[in-house]
Amino acid sequence: MRAVLALAPDHAGATHLLGVALMRQEKVADALPWLRKAAAMRPDDADTLRNLGDALLIMGEVAQARAAFVRALDLGPWRIALHNVVSLTRMDADSAEVSDLWRRLRELQARSDLTTDERILLNFSLGKAHADRGEIEPAVAAWAEGCRLKRATMTYSIEPTLARWREIARAVDRSALERLAGSGTASDRPIFICGLPRSGTTLVEQILSAHPQVFGGGELAALPRVVASVRTPDGKAWPHWFGALRPMDYARIGQAYLDQLPRTAPGQTRVVDKRLENVETLGLIDVCLPKAAMIYVRRDPRDVAFSCWTSLFGWGHAFTYDMDELVAYIAANEALMDHWRAILPPGRLLEVPYEALVADPETWTRRIVAHCGLDWDDACLAPQDAKRPVMTISLAQVRQPVHAGAVGRWKPYARALAPLFEPLADLA
């Protein structure tokens, strides 16, 4: 694309495609100027406007993103643009725009020619729209159909995950941690944040990313990639090689991870790694990177379950679309966390209760910053102002000041979704 643009700087198609290519590489800040330029050259192209809206939303320009999605919706096709607009609109408002959105939703609901992907988008949009109006039963029915359709598109079994977590708990024990203490590489550059999806991990990352010394790396693939590359001479993979390697090997694993961290701006000495799956390797992190900060975000599992089940994720999280699988995943995650709590050195892992964080942001923000060994900075109290890309499904919420509005969201649905919530009551 750059070669084309060198010859024809005003080629709208190449400008748009370059922006899309940069988005796919997660270089959203670099993509945005190209997508803005493409939209200016092709103001009536729905795909260009929708891609511009995606980039604006990731960069925190929520109002501009919504305007781009609305324009894309007016131009058609409806598919993703309608879902995006409904997601960013209070559907209980008394306005001509909201009435028109409801008209579109009902017209689509009556059609019999929608593809499976279109029906998935429509049902998650309907669920959100009915929920905004407090219409519990229609919302649950729409979400249930959306989840059923989405789960049917995925080849997935939860059993390998549950079995792997049990193997990790057997292989990584307290005696091995104590014996290997001091084996790793002495760098405090990484800050690991993990937790269940929709538990508040993005909020904690945003708080830390507001600090001038911290770079929010998002969900990095570095640690799983390094761990998967390690084998013993007889071919054992993680977690079966834990405790069997030489002390120097754990330092090498730590250094290999550090070598893959993203480059940061001058002064940004710390990098947040918010990959949720790092919950599987907390014991390994303790050995390989003994000075790295580790944070686990806890939230009422019923709120986690409700938020997961009602969310249409861009990729992965197949377990969230089936209630039984979602309950099993949350329960197994808690069992693994109980294991880490029992064997990690006292104070090694900071657990942040989401409900306490949003009820008393300053107290918990100070604890988070201190746990990471950072000097206090008032910017951490305004995480909504941190200018950085946010790639997760929480990208719109973290642009708001910290608030407790999402606490107890499951309660109005307690009866309608009893099969989801009742098995989780003992974990709350």
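**Student:** Residues and numbers for the pairing of strand E3 (residues 270–273), please.
**Tutor:** Burial along E3 is two-sided: Arg270 and Val272 facing one way and Val271 and Asp273 facing the other are all buried. Bridging between strand E2 (residues 214–216) and E3 involves three bridges; their strand directions are parallel. Following the sheet pairing, Gly216 is matched in E3 by Val272.

**Student:** Outline the pairing of strand E5 (residues 349–353), supporting the account with residue identities and numerical values.
**Tutor:** Summarising burial for E5: five of the five residues are buried, a large majority. Of the two faces of E5, the one lined by Leu349, Glu351 and Pro353 and the one lined by Leu350 and Val352 are each fully buried. For strand E4 (residues 293–298) and E5, the ladder comprises five bridges, and the chain directions are parallel. When the sheet's bridge partners are listed, Val297 is paired in E5 with Val352.

**Student:** Any details on the packing of aromatic side chains? Residues and values, ideally.
**Tutor:** Both the distance between ring centres and the angle between the ring planes are used here to describe each pair of aromatic rings. Per the stated rule, a full pass over the model turns up 13 aromatic pairs. An angle of 55° between the planes, with centres 5.9 Å apart, marks the rings of Trp143 and Tyr413 as tilted. Taken as a pair, Trp143 in helix H9 (residues 136–152) and Tyr413 in the loop between helix H19 (361–371) and helix H20 (418–421) lie far apart in primary sequence, 270 residues in all. Taken as a pair, Trp143 and Tyr413 share a single burial class, namely buried. Seen in terms of ring centroids, Phe306 and Phe421 are 6.5 Å apart; in terms of plane orientation they differ by 50°. Their pairing is tilted. Linking Phe306 in helix H16 (residues 301–309) with Phe421 in helix H20, this pair joins segments that are 115 residues apart in sequence. Summarising the burial analysis for this pair, Phe306 and Phe421 share the class buried. Between Arg133 and the ring centre of Trp102, over which it is positioned, the NZ or CZ distance is 3.9 Å. Lying over the aromatic face of Trp364, Arg367 brings its terminal NZ or CZ to 4.4 Å of the ring centre.

**Student:** I'd love a proper account of helix H12 (residues 201–209), names of residues and values included.
**Tutor:** Among the nine residues in H12, nine count as buried, and that is most of the element. Considered for burial, the residues of H12 that qualify are Thr201, Thr202, Leu203, Val204, Glu205, Gln206, Ile207, Leu208 and Ser209.

**Student:** Before we move on, can you summarise the nonpolar core with the specific residues and values?
**Tutor:** Grouped together as the largest cluster of nonpolar side chains are 72 residues, with contacts concentrated most on Trp241, Phe242 and Leu282. Among the elements that take part in this core, helix H17 (residues 323–343) stands out by supplying ten residues, more than any other. In this structure, Trp241 is in contact with Val227, Val230, Thr232, Lys236, Tyr250, Ile253 and Leu284, ignoring residues within four places of it in sequence. Listed in part, the 36 residues of the second largest apolar core include Ala55, Val85, Leu105 and Leu126.

**Student:** Explain unusual backbone geometry residue by residue, including any values.
**Tutor:** Looking along the chain, the bond that leaves Trp238 and enters Pro239 is cis, with omega of 5°. On the secondary structure map, Pro239 appears in the loop between helix H13 (222–229) and helix H14 (247–259). Phi is positive for Arg198, close to 65°, though the residue is something other than glycine. Its place among the elements puts Arg198 in the loop between strand E1 (190–195) and H12. Overall, Arg198 belongs to the buried group, its relative accessible area being 16%. One non-glycine residue, His317, lies in the positive phi region at around 55°. Structurally, the position occupied by His317 is in the loop between H16 and H17.

Cut-offs applied
Residues numbered from 1 in each chain as written. Predicted model: local features only at pLDDT ≥ 70, side-chain atom pairs only at ≥ 80, totals over all residues. Heavy atoms only, no water. Buried < 20%, exposed > 50% of the residue type's maximum accessible area, 1.4 Å probe, protein only. Helix = DSSP H or I, 4+ residues; strand = E, 2+ residues; numbered from the N terminus. Pairing = 2+ DSSP bridges. Phe/Tyr/Trp six-rings, centres within 6.5 Å; stacked < 30°, edge-to-face > 60°. Lys NZ or Arg CZ within 6 Å of the ring centre and 35° of its normal. Core = buried A, V, L, I, M, F, W, Y, C linked by side-chain atoms within 4.5 Å. Contact = heavy atoms within 4.5 Å.

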